[in-house]
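Structural characterization, general
Residues per chain are reported as follows:
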Amino acid sequence: MRDTVQKREILTFLRSRRHHYSAVQVYDAVREKLPNISLGTVYRNLGHLLEDGEIISVETSDKCVYYDGFVQDHAHFVCDTCKDIFDFPLKSEVSRDVIDAGFSVESQKVVYYGKCKNCRNARI
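Just so we're clear, the structure is a prediction, and the values are computed from it rather than from any experiment.

A full pass over the atoms with the stated rule returns two aromatic pairs. Centre to centre, the rings of phenylalanine 77 and phenylalanine 86 are 6.4 Å apart; their planes meet at 50 degrees, and the pair counts as tilted. For arginine 18, the ring lying beneath its charged end belongs to phenylalanine 70, and the centroid distance is 3.6 Å.

What the largest pocket holds in volume is close to 290 Å³. Lining the largest pocket are 15 residues, with Ile56, Val71, Ser107, Gln108 and Lys109 positioned closest to its centre. At the level of elements, β1 (56–59) and β3 (74–79) are the ones that each hand at least two residues to the lining of the largest pocket.

Attention now goes to the confidence of the model for the protein chain. A residue-level look at the protein chain finds 97% of positions with pLDDT of 70 or above and a mean pLDDT of 91. For the protein chain, per-element mean pLDDT is lowest for helix α4 (residues 96–100), which scores 78, and highest for helix α2 (residues 23–31), which scores 98.

Moving on: a nonpolar patch on the surface. Taken together, the side chains of Val24, Leu39 and Tyr43 define a hydrophobic patch exposed on the protein surface, amounting to about 240 Å² of accessible area. Tracing the chain through its elements places leucine 39 in helix α3 (residues 39–51). Classification of leucine 39 by relative accessible area gives partly exposed; the value is 30%.

So, on to the side chain of histidine 76. Secondary-structure assignment places histidine 76 in strand β3. Accessibility expressed as a relative area gives 2% for histidine 76, which makes it buried. Among the polar contacts made by the side chain of histidine 76, one reaches the side chain of histidine 20 at a distance of 3.3 Å. Of the polar contacts made by the side chain of histidine 76, one reaches the side chain of histidine 74; its length is 3.1 Å. The residues contacting histidine 76, other than those within four sequence positions of it, are His20, Ile56, Val58, Asp68, Ile85, Phe86, Asp87, Val110, Val111 and Tyr112.

Conventions we followed
- Residues numbered from 1 in each chain as written.
- Predicted model: local features only at pLDDT ≥ 70, side-chain atom pairs only at ≥ 80, totals over all residues.
- Heavy atoms only, no water.
- Phe/Tyr/Trp six-rings, centres within 6.5 Å; stacked < 30°, edge-to-face > 60°.
- Lys NZ or Arg CZ within 6 Å of the ring centre and 35° of its normal.
- 1 Å grid on protein atoms, 1.4 Å probe; cavity = no way out; pocket = protein on both sides within 12 Å on 5 of 7 lines; lining within 4 Å.
- Points joined across faces, edges and corners; volume = space filled by probe spheres on them.
- Helix = DSSP H or I, 4+ residues; strand = E, 2+ residues; numbered from the N terminus.
- pLDDT = per-residue confidence, 0-100.
- Patch = residues over 30% accessible without salt bridge, like charges linked within 9 Å, V, L, I, M, F, W, Y side chains within 5 Å.
- Areas by Shrake-Rupley, 256 points an atom, 1.4 Å probe, with all protein chains shown as cover.
- Salt bridge = Lys/Arg side-chain N within 4 Å of Asp/Glu carboxyl O.
- Buried < 20%, exposed > 50% of the residue type's maximum accessible area, 1.4 Å probe, protein only.
- Polar contact = N/O pair within 3.5 Å; in protein donor to acceptor, adjacent residues only side chain to side chain.
- Contact = heavy atoms within 4.5 Å.

Quick look at the structure:
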């Protein structure tokens, strides 16, 4: 996929923050620098960036997708109540069963779902 101003701006935005953003949030932020960008262009470029491994995505329990520019190995925790997404170090190794079965693992994605500390304490 060719490099475009729109693609670079989307990647710059996501990589400059340690947070998770929906496509609409990316669109709103990038529009400040590129006022003529369309939501369709943002979705298309997010798809290309995902395919290229430049960003990762996290899906909430209600099927909303958020994008993360921090691509080093890490796990996510998604709060089912407030929908906040938290990063955690990825400490687990690939299961020995997978390796013994002859599979070659090239990547992994770990997402935990539940209630964050604040929502648990608030008993929402």
